[in-house]
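# A look at the structure
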Amino acid sequence: MKKIILIYSFLLLGAIMQGMAMSIFLFPHSIPSGGAAGIAILVNHWFHLPLGFSLWLANVVFLVFALKYFGYTWTFRTILAVAATSTTVTLISTTFNNIPHTHILLDIAVGSVLFGVGVGILIRTGASSGGMVIPALMIATYKNWSPGKVMMGINLLIFLLTSFVIDYKIVFFAVICQLISTNVIDLIYQLKIYSTTFLTPSWRRK
């Protein structure tokens, strides 16, 4: 019981950190932290839907694949993580929508590290941040590749689309964000500490 409480406590911590990184440091500059965030920004830009709700929409399709591939436990944890992240984004975006920003590069640096730590914690607890992390983990699991690097490759296409629609400079800032955050994710993923559930084929569909 204590182990379960610890897992879900860290899961919520990682999700909240991820949501704070998005809403405080990255989204105000229209910088996507990943593919799903990029889609959320585009949906917000085109249809003027709230960012938190747009983030939910961007994750629905991937969660269907997650259920079939990773099973109920992992998918439930990921849904919980997405819900906590979306709620955090919504609350901060609506309550603190006039947060002062000193410099975009400083925001990117802080936001990317905070985002990377949050996603890394989610992965270590047997969940994910949703979105493009799901196909990235599918590939990384079978190929034994770095999940952070696989995720960056998948996200590049969406970054390019976001840059064409909103601002071409976004792809430059998004790549910087990914370089920082994916290295932080890999660092957290590879830490030699007690692991609750590592992403290996042995725990698929549990």
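Each remark here, short or long, concerns the structure printed above.
Residues numbered from 1 in each chain as written. Predicted model: local features only at pLDDT ≥ 70, side-chain atom pairs only at ≥ 80, totals over all residues. Heavy atoms only, no water.

What follows is about the overall build of the protein chain. A count of helical and extended segments in the protein chain gives eight helices and zero strands. The proportion of buried residues among the 206 residues of the protein chain is 51%. If you take every contact in the protein chain between residues at least 6 apart in sequence, the share linking residues at least 24 apart comes to 76%. Accessible surface computed for the protein chain: about 10000 Å², of which carbon and sulfur atoms make up 74%. (Helix = DSSP H or I, 4+ residues; strand = E, 2+ residues; numbered from the N terminus. Buried < 20%, exposed > 50% of the residue type's maximum accessible area, 1.4 Å probe, protein only. Contact = heavy atoms within 4.5 Å. Areas by Shrake-Rupley, 256 points an atom, 1.4 Å probe, with all protein chains shown as cover.)

Here we come to the side chain of threonine 125. Looking at the element boundaries, threonine 125 is found in the loop between helix H5 (104-124) and helix H6 (133-143). One polar contact links the side chain of threonine 125 to the main-chain carbonyl oxygen of leucine 122, over a distance of 2.8 Å. (Polar contact = N/O pair within 3.5 Å; in protein donor to acceptor, adjacent residues only side chain to side chain.)

The description of an aromatic ring pair rests on the distance of the ring centres and on the angle between the ring planes. On inspection of all chains with the given rule, the structure shows three aromatic pairs. Ring geometry for tyrosine 8 against phenylalanine 76: centres 6.3 Å apart, planes inclined by 65 degrees, an arrangement best described as edge-to-face. Linking tyrosine 8 in helix H1 (residues 2-26) with phenylalanine 76 in helix H4 (residues 72-95), this pair joins segments that are 68 residues apart in sequence. You can call tyrosine 8 partly exposed: its relative accessible area is 22%. (Phe/Tyr/Trp six-rings, centres within 6.5 Å; stacked < 30°, edge-to-face > 60°.)

A separate point is the side chain of threonine 75. Tracing the backbone shows threonine 75 in helix H4. Under the relative-accessibility criterion, threonine 75 is labelled buried at 5%. Setting aside residues no more than four positions away along its own chain, threonine 75 makes contact with Leu63, Ala66 and Leu67.

What the rule picks out here adds up to one cavity of 30 Å³ or more. Empty space within the largest cavity amounts to approximately 110 Å³. Looking at the largest cavity, it is lined by 17 residues, and the ones nearest its centre are Gly34, Ala36, Phe115, Ser129 and Gly130. The set of elements that each furnish at least two residues to the lining of the largest cavity consists of H1, helix H2 (35-47) and helix H7 (147-165). Per-element accounting of the lining of the largest cavity gives the leading share, three residues, to H2. For the lining of the largest cavity, the residue count by class is eight nonpolar, nine polar and no charged. (1 Å grid on protein atoms, 1.4 Å probe; cavity = no way out; pocket = protein on both sides within 12 Å on 5 of 7 lines; lining within 4 Å. Points joined across faces, edges and corners; volume = space filled by probe spheres on them. Nonpolar A, V, L, I, M, F, W, Y, C, P; charged D, E, K, R; others polar.)

At a minimum axis separation of 8 Å, H2 and helix H3 (residues 51-70) run at an interaxial angle of 125 degrees. Between H2 and H3, the angle falls in the class oblique. Like other packed secondary-structure pairs, H2 and H3 cross with a definite hand, here right-handed. Only Leu51, Ser54, Leu55, Ala58 and Asn59 of H3 make contact with H2, whose side of the interface consists of Ala36, Ala37, Ile39, Ala40, Ile41, Val43 and Asn44. (Axes fitted to C-alpha atoms, helices over the stretch in contact; angles between N-to-C directions. Parallel < 35°, antiparallel > 145°, perpendicular 65-115°, else oblique. Left-handed = near helix turned anticlockwise from the far one by under 90°.)

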